[in-house]
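Results of the structural survey
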Number of protein chains: 2
Amino acid sequence: MPHALDKIDTQILNILQIDSNRTTKSIAEELSMTTSPIFERIKKLEKEGYIKKYVAVLDNKKIGLKLTVFIGITLQGHTRSYLEKFVKEINNFPEVVECHRVSGNFDYLLKLVVEDIEAYETFIITKLTLLPYLGNVQSLITLSTGKETNVIDLGL
Amino acid sequence: MPHALDKIDTQILNILQIDSNRTTKSIAEELSMTTSPIFERIKKLEKEGYIKKYVAVLDNKKIGLKLTVFIGITLQGHTRSYLEKFVKEINNFPEVVECHRVSGNFDYLLKLVVEDIEAYETFIITKLTLLPYLGNVQSLITLSTGKETNVIDLGL
DNA sequence: AAAATAAAAGAATATAATTCTTATTAGAGT
DNA sequence: ACTCTAATAAGAATTATATTCTTTTATTTT
């Protein structure tokens, strides 16, 4: 086991998951430390890959992307090369923000963020249904979102 | 219509969605401008709510949360007050990162990030099934993730 | 075309990140 | 229990970036 996260690391990650613009000074004060160890710990967390990146989270609706849709998909063939091709194609579709291979009633579950129902239908017709080996397709249209966070549970 | 986003705003948002640690200088260079207008535009995008927040994205697997699960849920009652209570309860569960009310074959779709199958089962038994009015519950266990991005499509 | 408005440039300042040096702490080995 | 060693934290100094302010340029309006 190379490096485990101690309590301070976990606290830092929890803070940065919520607001990555917090200064090292402000984090240091919250954790009753000075800036240097906080700074060094953050750099270590970045270098070792615990922190993948820092991003701006946009307000989808404000920007005009008012609709989130989940699409469950079954494929008719399951050869390795086809699955890879499917995922590759999906990666070219900017409206698809997630694509998971799943067990259960579907092979894949997609998450889409689009302008509206029309954009969703356009996606289905001009992109999704053009993929070969496509089996059953089942859409779940989001009516409202009760929770949507980037914060993953680290304990504490 | 208060404020539309012009091309430069959109470019800034695209950059910040990918890496929010980019300096104004580096963004300015990419867009062939100076730092001041970039800085002011970013502040405006923040103030007007196009940018909701800045966050650190962690590596779930590295941190020990190796399993993502989607759970489709139907409820037995649909009174307004119950739906609200349901969502409120869900918000207390840190392993649930998303909760959407959907149309289609389910009432709600949850996304969970947990350690492993055991943690998932614990969630089901000790948290989910304790909620009243619970109807059908159907889980999709993620086997692999082919795409997972925070970048929403702004065109360009 | 002139005036008014908004946006950008450039320079100056303030703040925070980063580095470096020194001190403290915690653990390992004797 | 003591000393040595390595790791971590503190504190000061430096560098880089964010932020503000002023001037200039471009754009829009009448």
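See the structure above.
We now turn to the structure provided with this report. Nothing here was measured: the structure is a model prediction, and the numbers come from that model.

1. Section: the side chain of Thr10 of chain B
Residue and element names in this part refer to chain B.
- Mapped onto the elements, Thr10 comes out in helix H1 (residues 7-18).
- With relative accessibility at 8%, the residue Thr10 sits in the buried group.
- At 2.9 Å, the side chain of Thr10 forms a polar contact with the backbone oxygen of Asp6.
- Ignoring sequence-local partners within four residues, the contact set of Thr10 consists of Leu5, Leu154, Gly155 and Leu156.

2. Observations concerning the packing of aromatic side chains
Residue and element names in this part refer to chain A.
- What the rule picks out here adds up to nine aromatic pairs over all chains.
- Judged by centre distance (6.5 Å) and plane angle (50°), the rings of Tyr82 and Phe86 are tilted. With Tyr82 and Phe86 both in helix H5 (residues 80-91) and four residues apart, the pair spans about one turn of that helix.
- Note on Phe86: relative accessible area 1%, which makes it buried.
- Here Tyr82 and Tyr133 contribute two aromatic rings whose centre-to-centre distance is 4.6 Å and whose plane-to-plane angle is 50°, an arrangement assigned as tilted. Residue Tyr82 is located in helix H5, and its partner Tyr133 is located in the loop between helix H6 (117-126) and strand S5 (134-148); the two are separated by 51 residues in the primary sequence.

Cut-offs applied
- Residues numbered from 1 in each chain as written.
- Chains lettered and ligands numbered in written order.
- Predicted model: local features only at pLDDT ≥ 70, side-chain atom pairs only at ≥ 80, totals over all residues.
- Heavy atoms only, no water.
- Helix = DSSP H or I, 4+ residues; strand = E, 2+ residues; numbered from the N terminus.
- Buried < 20%, exposed > 50% of the residue type's maximum accessible area, 1.4 Å probe, protein only.
- Polar contact = N/O pair within 3.5 Å; in protein donor to acceptor, adjacent residues only side chain to side chain.
- Contact = heavy atoms within 4.5 Å.
- Phe/Tyr/Trp six-rings, centres within 6.5 Å; stacked < 30°, edge-to-face > 60°.

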